[in-house]
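One-letter residues, chain by chain:
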Amino acid sequence: MKKLLLGLPIAAALLLGACGNDDTTKEKASASIEKEAAEKDVKKSEHTNGSVYFKNKEAKLDDLTIKITDTKVIPVGKKGNEYGEKPVIAFWYETTNHSDKEIDPGTAWIAVFEVIQDNNPNSVNKLEITGLPDDAFLDSQMENIKKNGTVKNAVAYSLDDNKTPVTLIASQGVGGQKLGELEIKIK
């Protein structure tokens, strides 16, 4: 299964320092705004302090920016989920490196985002990454991004049901301060 991203959890841990998680940034983040998105099926909350934020489908951190360009639910057996046993939610995005640090799009995504489908009354249901939903990124998903360079990628998560909305939560790197969230209704 060449498409599986087996090394991403390890690489995400290595990116911890690349996402800007210092005390001064934490002190600056104080505003929280909730509003309805322009799209009828998306609700988002914004946390901004000028230098780091998650709004308008864009997560901006000190060292990188991730902009979500598309989101789709892919049924079992369809292109992008040919081998899965469950439907998936897939995100296409662009990662820009603002630093001299080694940053790749796959690790950056995992360090910044977690995906929740709140359909369990007793525990948090964090969705798991599945196979790459777009073969166009087989060779580039782990490429080192040059300073001020931008690389496109995609990622998919197995859904547990076809009804419960999915919440995408952005933070300042693994274990960092929450920057905001985006709720996506499953159609």
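Residues numbered from 1 in each chain as written. Predicted model: local features only at pLDDT ≥ 70, side-chain atom pairs only at ≥ 80, totals over all residues. Heavy atoms only, no water.

**Points about the side chain of S99**
And step 1. Its place among the elements puts S99 in the loop between β6 (88-97) and α3 (105-112).
And step 2. Note on S99: relative accessible area 10%, which makes it buried.
And step 3. Of note is the side chain of S99, whose polar atom sits 3.0 Å from the backbone nitrogen of K101.
And step 4. In this view, S99 contacts D63 and K147; residues no more than four positions away in its chain are not counted. (Helix = DSSP H or I, 4+ residues; strand = E, 2+ residues; numbered from the N terminus. Buried < 20%, exposed > 50% of the residue type's maximum accessible area, 1.4 Å probe, protein only. Polar contact = N/O pair within 3.5 Å; in protein donor to acceptor, adjacent residues only side chain to side chain. Contact = heavy atoms within 4.5 Å.)

**Regarding the nonpolar core**
And step 1. Counting 30 residues, the largest nonpolar core has F91, W109, F113 and L168 as its most contacted members.
And step 2. At the level of secondary structure, the elements contributing two or more residues to this core comprise β5 (64-74), β6, α3, β7 (113-116), β8 (150-158), β9 (166-171) and β10 (178-184).
And step 3. Top contributing element to this core by residue count: α3, with four residues.
And step 4. Every residue in contact with F113, bar those within four places of it in the chain, is listed here: F54, A59, I66, I68, L168, I169 and A170. (Core = buried A, V, L, I, M, F, W, Y, C linked by side-chain atoms within 4.5 Å.)

**A look at the pattern of salt bridges**
A pair can form between side chains of opposite charge whenever their charged atoms are brought close.
And step 1. Across all of its chains, the model carries five salt bridges by this definition.
And step 2. Notably, a salt bridge pairs K126 with E114, separated by 3.8 Å at the nearest N-O pair. Linking K126 in the loop between β7 and β8 with E114 in strand β7, this pair joins segments that are 12 residues apart in sequence. (Salt bridge = Lys/Arg side-chain N within 4 Å of Asp/Glu carboxyl O.)

**Details of the environment of K67**
And step 1. The topology assignment puts K67 in strand β5.
And step 2. For K67, a relative accessible area of 33% gives the class partly exposed.
And step 3. In contact with K67, not counting residues within four places along its chain, are N56, K57, E58, W92, Y93 and E94.

**Quick notes on unusual backbone geometry**
And step 1. Even without being a glycine, N56 presents a positive backbone phi close to 50°.
And step 2. Structurally, N56 is set in the loop between β3 (53-55) and β4 (58-60).
And step 3. Since its relative accessible area comes to 44%, N56 is described here as partly exposed.

**A closer look at the side chain of N125**
And step 1. Checked against the element boundaries, N125 lands in the loop between β7 and β8.
And step 2. Within the structure, N125 has its side chain in polar contact with the side chain of N119 (distance 2.8 Å).

**Quick look at α3**
And step 1. Of all eight residues that make up α3, eight are buried, and the element is covered over most of its length.
And step 2. By the burial criterion, the buried members of α3 are P105, G106, T107, A108, W109, I110, A111 and V112.
And step 3. At the N-terminal boundary of α3, the capping side chain belongs to D104, with an oxygen 3.1 Å from the backbone nitrogen of G106.

**Overview of the confidence of the model for the chain**
And step 1. Looking at the chain, pLDDT values average 79 and 73% of them are 70 or higher.
And step 2. In the model of the chain, strand β1 (residues 33-36) stands out as the element of lowest mean pLDDT, 25, in contrast to β6, which has the highest, 98.
And step 3. Here residues 1-49 scores under 50 on pLDDT; set against residues more than four positions off or in separate chains, the count is 101 contacts. (pLDDT = per-residue confidence, 0-100.)

**A few points about the packing of aromatic side chains**
And step 1. Using the criterion set out here, one finds five aromatic pairs in the structure.
And step 2. Between F91 and W109, the aromatic rings sit 5.4 Å apart at their centres with planes inclined by 35°, giving tilted as the arrangement. With a gap of 18 residues between them, F91 in strand β6 and W109 in helix α3 connect regions that are remote in the sequence. For the residue pair F91 and W109, the accessibility class agrees, reading buried in each case.
And step 3. Grouping aromatic residues by their ring pairs yields a cluster made of F54, F91, Y93, W109, F113 and Y157.
And step 4. Above the face of the Y53 ring, K55 is positioned so that its terminal group lies 5.1 Å from the ring centre. (Phe/Tyr/Trp six-rings, centres within 6.5 Å; stacked < 30°, edge-to-face > 60°. Lys NZ or Arg CZ within 6 Å of the ring centre and 35° of its normal.)

**So, the environment of P75**
And step 1. Mapped onto the elements, P75 comes out in the loop between β5 and β6.
And step 2. In this structure the C-alpha to C-alpha distance between P75 and L159, which are 84 residues apart in sequence, comes to 9.8 Å.
And step 3. In this structure P75 touches N81 and P87, once residues within four positions along its chain are discounted.

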